[in-house]
Amino acid sequence: MKKALEVISVYKRFGKKEVIKGISFDIEEGRIVGFVGPNGAGKTTTIKMITGLIKPDSGQIKIFGYDIVHEREMALKFIGCIIENPELYEYLTGFENLAQLARISNIPRSKIIEAAKLVGIDYALKEKAKKYSLGMKQRLALAMAILADPKLLILDEPTNGLDPSGIIELRNLLKNLANDKKVTIFISSHNLFEIQEICDKVVFIKEGKIEMIENIDSSFIENVKFVLVLNEDRNTNDVVAKATEVISCFEGAKILEVKESSIELELDRSKKVAFLNFLFQNGVNIKDFYEKVESLEDKYIKIYQN
Ligand SMILES: Nc1ncnc2c1ncn2[C@@H]1O[C@H](COP(=O)(O)OP(=O)(O)OP(=O)(O)O)[C@@H](O)[C@H]1O
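Per an unreviewed UniProt entry, the protein chain goes by ABC transporter related protein and derives from Caldicellulosiruptor owensensis. According to the UniProt record, the Sequence similarities (unreviewed entry) comment for the protein chain reads "Belongs to the ABC transporter superfamily."

And the structure:
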């Protein structure tokens, strides 16, 4: 599949401080990829380099094969972005904001209504931007970002300041853009739930280095742990000792942690019924048995709290 973005061994320092330390990752066309990391990890710096606002000290960034430094004009043709606070002319109407951009970028005015409709701000185009709510401003900014039909949309913290319904709307909007227009989306956010909901891949950055790249596909969902809660009508220690012994005899089950009368274990989902039968046949009395899905937040905590 075609690569929409390639970041290859990129370094960046500000003065004496090395902020980006040799990062590499890529995004295939049509995917929605999240960019996650704590404050100061280097997300905005990376995004500014990808969008050509600042140059890497070394390494290479390619947008659909075009080098953002050496083939800047061609590379930028593919990109639409919202970085930090979207810049709007508050005293102009929504339409005038879009028209201004259309004129500068040589985009036909007919595109304005199309883009505004797509992001659901067409009803307010006659109003001045200063009267817009934050959610409406985000939509207008998004309409501006997609005005030129970009193939790669880059969004830095797009849910910042949005209320829950604004966040849900934005999520649906981005999904529609990816599905209907085949736009590739790279989105940085602190909102892990949103990232997990919308993205099919997540790049984790920590102190200027890529810490992990995780696919959020069926294997992510399949990555489940189970919790077995034992019925302790007898001595808890005996009950737990017997249960751990029985579990260790079951092929495919691996005990991860024992907490009082509950046991956390890894188990292939397909063996769930066989496992429960095995426990029953071997006299292990259970009170509860449930799945514990590892969320993006769990992974985040593992990476960043070490
Ligand atoms: N123009 C600059 N001059 C000097 N240092 C900078 C500059 N821009 C960013 N930095 C530093 O680079 C580091 C990474 O900043 P960056 O804004 O990329 O992080 P971030 O991951 O986007 O953080 P946040 O989640 O807070 O937006 C920080 O230590 C920041 O202070």
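Draft legend 1. Spatial organisation of the overall build of the protein chain. The secondary structure content of the protein chain amounts to 11 helices and 14 strands. At 25 Å, the protein chain has a C-alpha radius of gyration far larger than the 19 Å of a compact globule built from 306 residues. Its C-alpha atoms give the protein chain principal-axis dimensions of roughly 80 × 45 × 35 Å. Here the protein chain holds 306 residues, and 45% of them are scored as buried. Put simply, 67% of the contacts in the protein chain that link residues at least 6 apart link residues at least 24 apart. When the accessible area of the protein chain is evaluated, it comes to approximately 16,000 Å², of which 48% is carbon and sulfur surface.

Draft legend 2. Quick look at the sheet that holds strand β6 (residues 79-82). The strand order across the open sheet formed by six strands is β6-β7-β8-β3-β9-β10, and the pairing between neighbours is mixed. Whereas interior strands pair on both sides, the edge strands pair on one side only; in this sheet they are β6 and β10 (209-215). Here the strands of the sheet are splayed against their neighbours by 15 degrees on average, with no regard to which way each runs. Summarising the sheet, β6 and strand β7 (residues 152-156) pair through four bridges and their orientation is parallel. What sits directly across from Gly 80, in β7, is Leu 153. Sitting on the sheet, helix α1 (residues 43-50) is in contact with β3 (32-36), β6, β7, β8 (184-188) and β9 (201-206), with an inclination near 150 degrees to β7.

Draft legend 3. Looking closely at the nonpolar core. With 49 residues, the main nonpolar core has Leu 98, Leu 142, Leu 153, Leu 174 and Ile 185 as its most contacted residues. Counting residues per element, this core draws most heavily on helix α5 (residues 134-146), at eight residues. Built from parts of two domains, this core gets at least three residues from each of domain 1 (3-217) and domain 2 (220-304). Among residues more than four places away in sequence, those in contact with Leu 98 are Ile 112, Ala 116, Leu 125, Leu 140, Ala 143, Met 144 and Leu 147. One finds Ala 4, Val 7, Val 10 and Ile 50 within the second-largest nonpolar core, a separate group that totals 28 residues.

Definitions and limits used
Residues numbered from 1 in each chain as written. Predicted model: local features only at pLDDT ≥ 70, side-chain atom pairs only at ≥ 80, totals over all residues. Heavy atoms only, no water. UniProt positions renumbered as here; feature names shortened; annotations may be inferred. Helix = DSSP H or I, 4+ residues; strand = E, 2+ residues; numbered from the N terminus. Rg over C-alpha atoms; globule rule 2.2 N^0.38 Å. Buried < 20%, exposed > 50% of the residue type's maximum accessible area, 1.4 Å probe, protein only. Contact = heavy atoms within 4.5 Å. Areas by Shrake-Rupley, 256 points an atom, 1.4 Å probe, with all protein chains shown as cover. Pairing = 2+ DSSP bridges. Axes fitted to C-alpha atoms, helices over the stretch in contact; angles between N-to-C directions. Core = buried A, V, L, I, M, F, W, Y, C linked by side-chain atoms within 4.5 Å. Domains from an automatic or database assignment.

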